[in-house]
Amino acid sequence: NINGVTCVVPAFNASQTIDACLASLLAQRTDLELEVLIVDDGSEDGTSVKARQWQARFARLQMSLRVIRQERNGGAARARNVGIEHASYDWILTCDADDTSRPRRVAALRRAAETQPDAK
């Protein structure tokens, strides 16, 4: 049973792309709880500040957006692992800071997970 999904977004100097990424995650059409974790991997361009500006919009839709700031860049894989360590849910979705997601991405993944007997 899937009770929620954490979307981990590693971000490094992503101030030019983070708005589109977050807008697409905010637009997800699903009945699952959705938490978004932005892991700012030592950005020097205000990525964390820009991401935090979305927190009120997420909260209005009863969605969680958290921003974790790392002082030094350690690479996308390390940032993803940090996000996974802080995830509230067992189901993890990864998305890069320059990606956008179609509105039914989470719903499609849920449907696949629930209909495929070997999905874990």
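Everything numeric in this text was worked out from a predicted model, so none of it was measured. (Residues numbered from 1 in each chain as written. Predicted model: local features only at pLDDT ≥ 70, side-chain atom pairs only at ≥ 80, totals over all residues. Heavy atoms only, no water.)

**Observations regarding the overall build of the protein chain**
Part 1: On a plain count of helices and strands, the protein chain comes out with 5 helices and 4 strands.
Part 2: Ordered by position from N to C terminus, the α and β elements of the protein chain give β-α-β-α-α-β-α-β-α.
Part 3: Computed over its C-alpha atoms, the radius of gyration of the protein chain comes to 14 Å, within 12% of the 14 Å expected for a compact globule of 120 residues.
Part 4: Taking the principal axes of the C-alpha coordinates as reference, the protein chain spans close to 45 × 30 × 20 Å.
Part 5: Relative to its 120 residues, the protein chain shows a buried fraction of 42%.
Part 6: Taking the intrachain contacts of the protein chain between residues at least 6 apart in sequence as the baseline, contacts between residues at least 24 apart amount to 78%.
Part 7: Summed over all atoms, the accessible surface of the protein chain reaches about 6,800 Å², with 46% contributed by carbon and sulfur. (Helix = DSSP H or I, 4+ residues; strand = E, 2+ residues; numbered from the N terminus. Rg over C-alpha atoms; globule rule 2.2 N^0.38 Å. Buried < 20%, exposed > 50% of the residue type's maximum accessible area, 1.4 Å probe, protein only. Contact = heavy atoms within 4.5 Å. Areas by Shrake-Rupley, 256 points an atom, 1.4 Å probe, with all protein chains shown as cover.)

**Here we look at the pairing of strand β1 (residues 4–11)**
Part 1: β1 sits mainly inside the fold: 8 of its 8 residues count as buried.
Part 2: As paired strands, β1 and strand β2 (residues 33–41) are joined by 8 bridges and run parallel to one another. Looking across to β2, one finds that T6 is bridged to E35.
Part 3: The parallel pair β1 and β2 is bridged by helix α1 (residues 18–26), and the resulting crossover is right-handed.
Part 4: By the bridge criterion, 4 bridges tie β1 to strand β4 (residues 91–94) in an arrangement that is parallel. Of the residues in β4, the one forming a bridge with V5 is W91. (Pairing = 2+ DSSP bridges. Right-handed = clockwise from strand over helix to strand, strands pointing away.)

**Comments concerning the nonpolar core**
Part 1: Counting residues in each nonpolar core, the largest one holds 26 residues, and the members touching the most others are C7, V9, I18, L22, V36, I38 and F58.
Part 2: Put simply, the parts of the chain that give this core at least two residues each are β1, α1, β2, β3 (64–70) and α5 (105–115).
Part 3: Counting residues per element, this core draws most heavily on α1, at 5 residues.
Part 4: Core analysis: the next-biggest nonpolar cluster, separate from the first, contains 5 residues, V39, I68, A79 and V82 among them. (Core = buried A, V, L, I, M, F, W, Y, C linked by side-chain atoms within 4.5 Å.)

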